[in-house]
Amino acid sequence: MKIQKSIISLVAAAGFCLPVSAQQLDGFFAKDLANQKSLEETYLKAVNFDRFKVHLKELTKAPHIAGTPENEAVKDYMVKVMSDAGMTVKVHPYDVYLPNDPGESLLQIITPVTMTLSQQEGALDSDPYSADARLHKGFNAFSGSGDVTAEVVYANYGTKADFEKLAEMGIDMKGKVVIARYGGNFRGFKAKFAEQYGAAALIIYTDPKDSGSGKGAVYPDGPYFNETTIQRGSLLTLDYTGDPLTPNEPALPRDGKEQADRLDPKDVAFHTIPVSPIGYGAAKEILSRMKGDAVPEEWQGGLPFEYKIQGGNELKVRVMVDQPIDFIRANNVVGTFEGSEYPDEWLILGSHYDAWSFGATDPNSGTAMMLTLAEAVGEMTKNGQRPSRSIMIGHWDAEEQGVIGSTEWVEHYRDELGAKAVTYMNFDGGVSGRNFGVSSAPTLKKLIIDASKEVSYPDSAKSVFEVWAGSKPEPGIGNLGGGSDHIAFYMHVGVPSLSGGTGGPSAYHSNYDNFNYYSKFVDPTFKMGGAVAQLIGVLTLRMANATVIPYDVPRYAKDLRGHFTQAVKNVKTIKPDFATFDQVDAAIGKLETSSAAYQLALTKSMAGNKLKAKKIKKINAGLIDLEKSWIDPKGMYYGDWYKSLYVSNDPFSGYASWILPGIQYEVEIKSTERLEEWDSRYASSILNLSQKINKLTKSL
């Protein structure tokens, strides 16, 4: 354990020497370290690497989109495995409004030739899964329905900047079919911007330069997209996350005693234009026939011809979509190992389980890993080694249509989560390759790094930490953005969260994301699932058994310094004479002081075994409350469902992480009117955080 220099100097000034043992595990009394280390060794041995493969094969034996009998079968399998492991398992049903079937759709070139374009992956002799009759053609959930025949405009990635560039060029998109490639932003924003600029329809394709033949050998000979591979996905871009008819409240079953106050679908800002995804083989037929001006150099894709901005009046394309949307029953499955000492302090691990097809990488590699972890922890609990805090594993439904299942559960249990949830750890597609990586809240970064030192990286003599860090002294950890089930926990309620696992090339959201693909290209040895289960299990057990919740409290101030330095640079791009956020600067100074004092007091208490049970409970309640300093009832101006002042997903791209989103939004819309307001709101939150930390220090 590396102790910050400021803390060391404070300790030295106090005439207090840290014993070596006290530097090994955060949050533990010195007397408890040997027992925790022994328990971790037992856990590492309890992880059965072979079980990951068994689980993954069973979970992915059929396509299982939300609301289908096949997805119900996956639910039942998870309930059985977790129950057999000794968990108390509860199914939480919600009735949510979404499309889980493509309905009718057609994509054609009308002139200068008549040609119907493929909307589904080709069946492959070497992949028996690819011929499954239950597989759907490619579709984008929450597409508008319509039948459009029109000229074509190419919009690069369909980002906000790309559409602005087209407008600057004088390109009229009204009534046109826009074709854009995947990448650069969330697909829903491609549709939103296309609609804003007057387009009548949108086609989205994966370019070979980005994830196809331009990268290397294509499936089935290699891992990259072949010309028929299609990325499915939701288009939902509302100013809140979750079920579109029940913002801020759970979508309770329509046949239950309690009823949700649902919006009328006519009053929800769904997309109205038809949208269809295709592979680059089909896109080639359109793009190769375009005859307008050449695209800017950076817009050129990987197909073997010069891309053009407009198709000309001779090229007409038809896009027809008739997509049904209705209520489906989504079932979240939550299993619990109840804590022996602090049952009302919750560590929550989660991933969704619904998939666009078989879901071998996304999401069920994460599901299989968590089931493997549950079995190992279960073996220990049956031997009397229960965790001190409760460990919960959530399998969320209906994520693919808009992060719906987890959001409904968070809205349902918002108050309890705010008071009890120590952390949420997300493993959507958690074992999708052999490259380990994490994005995390500040307080969890050190914990995941420390745990990575305890686990061997498969097929090597190195630890996961050594492979992850490479030549750097410490691996990089990202900031959480959008796109998965951590959103409601972190950005709506303020539960410190992380999302991680292993990644690599994938058959993302395509019909080829199956066990055959996984066996050949994701992890042929099937060892990464066990290794990730070991690492996450060690991390979870440390957080579960530490006497004091082992958040890295000083990391708040450290990260904030860097983030506000960047924020000032960003503001200067729209207001060159801007100096700084004065109130924030002063507040961070106080936070640095209070954090250092807390760390000093905690280190002394842990080494001296001084805390009494009643005081420990009070301190941990205070620690859980720290992240709530960022939760502002007023929320963001682009959507008040997003409550965290610290972090949000980018409302213009969907996936990217916005740190200090209140300020970043002003920069994005080029507004300087509210900068003083944000200086005050951020300073208030930072001072509130600092005051909470001061109270904790006094308790120590």
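Refer to the structure above for everything that follows.
Residues numbered from 1 in each chain as written. Predicted model: local features only at pLDDT ≥ 70, side-chain atom pairs only at ≥ 80, totals over all residues. Heavy atoms only, no water.

Asks: Help me understand the pattern of salt bridges in this model?
Replies: A side chain with one charge can pair with a side chain of the opposite charge if their charged atoms come near. Applying the stated criterion to the full structure yields 38 salt bridges. Measuring nitrogen to oxygen at the nearest pair gives 3.3 Å for the salt bridge that ties E416 to K420. On the criterion of helical spacing, the pair formed by E416 and K420 is a turn pair, its members being four residues apart in helix α11 (residues 414-420). Where E454 meets R542, a salt bridge forms, and the shortest distance between an N and an O atom there is 3.3 Å. Of the two residues, E454 sits in the loop between α12 (445-452) and α13 (464-469) while R542 sits in helix α16 (residues 528-545), which places them 88 residues apart along the sequence. By relative accessible area, which is 32% here, E454 ends up partly exposed. Through salt bridges with shared partners, a single network forms among K37, E40, E454 and R542. (Salt bridge = Lys/Arg side-chain N within 4 Å of Asp/Glu carboxyl O. Helix = DSSP H or I, 4+ residues; strand = E, 2+ residues; numbered from the N terminus. Buried < 20%, exposed > 50% of the residue type's maximum accessible area, 1.4 Å probe, protein only.)

Asks: What is the right way to look at the nonpolar core in this model?
Replies: One recurring pattern in soluble globular proteins is that nonpolar side chains are buried together. Residues W409 and F564 are the most contacted members of the largest nonpolar core, which totals 167 residues. Sort the elements by how many residues they give to this core and α16 lands first, with ten residues. With sequence-adjacent residues up to four places away left out, W409 is seen in contact with H92, Y94, N332, V334, I348, M392, W396, L417 and F489. Within the second largest apolar cluster, 49 residues are counted, among which are L107, V148, L166 and F189. (Core = buried A, V, L, I, M, F, W, Y, C linked by side-chain atoms within 4.5 Å. Contact = heavy atoms within 4.5 Å.)

Asks: Explanation requested: the sheet that holds strand β13 (residues 342-352) in the structure shown.
Replies: Hydrogen bonding along the main chain pairs the strands of a sheet, whether they run parallel or antiparallel. An order of β1-β12-β14-β13-β15-β17-β16 is seen for the seven strands of this open sheet, with the pairing classed as mixed. Looking along the sheet, the strands with just one partner apiece sit at the ends: β1 (88-98) and β16 (435-440). In this sheet, neighbouring strand axes are inclined to one another by 20° on average, regardless of whether the strands run parallel or antiparallel. Bridge count for strand β12 (residues 326-337) against strand β14 (residues 389-396) is five bridges, and the pairing is antiparallel. (Pairing = 2+ DSSP bridges. Axes fitted to C-alpha atoms, helices over the stretch in contact; angles between N-to-C directions.)

Asks: Sorry if this is basic, but what is going on with the pairing of strand β15 (residues 421-426) here?
Replies: Regular strands place side chains that alternate from one sheet face to the opposite one. Judged by how many residues are buried, β15 sits mostly within the fold: six of six residues are covered. Where β13 lies against β15, five bridges are found, and the strand directions are parallel. Bridge pairing in β15 links G350 to N426. The pairing of β15 with strand β17 (residues 497-503) spans three bridges and is classified as parallel. Residue pairing for β17: Y424 is matched across the bridge by S497.

Don't take any of this as a statement about function, it's just geometry.
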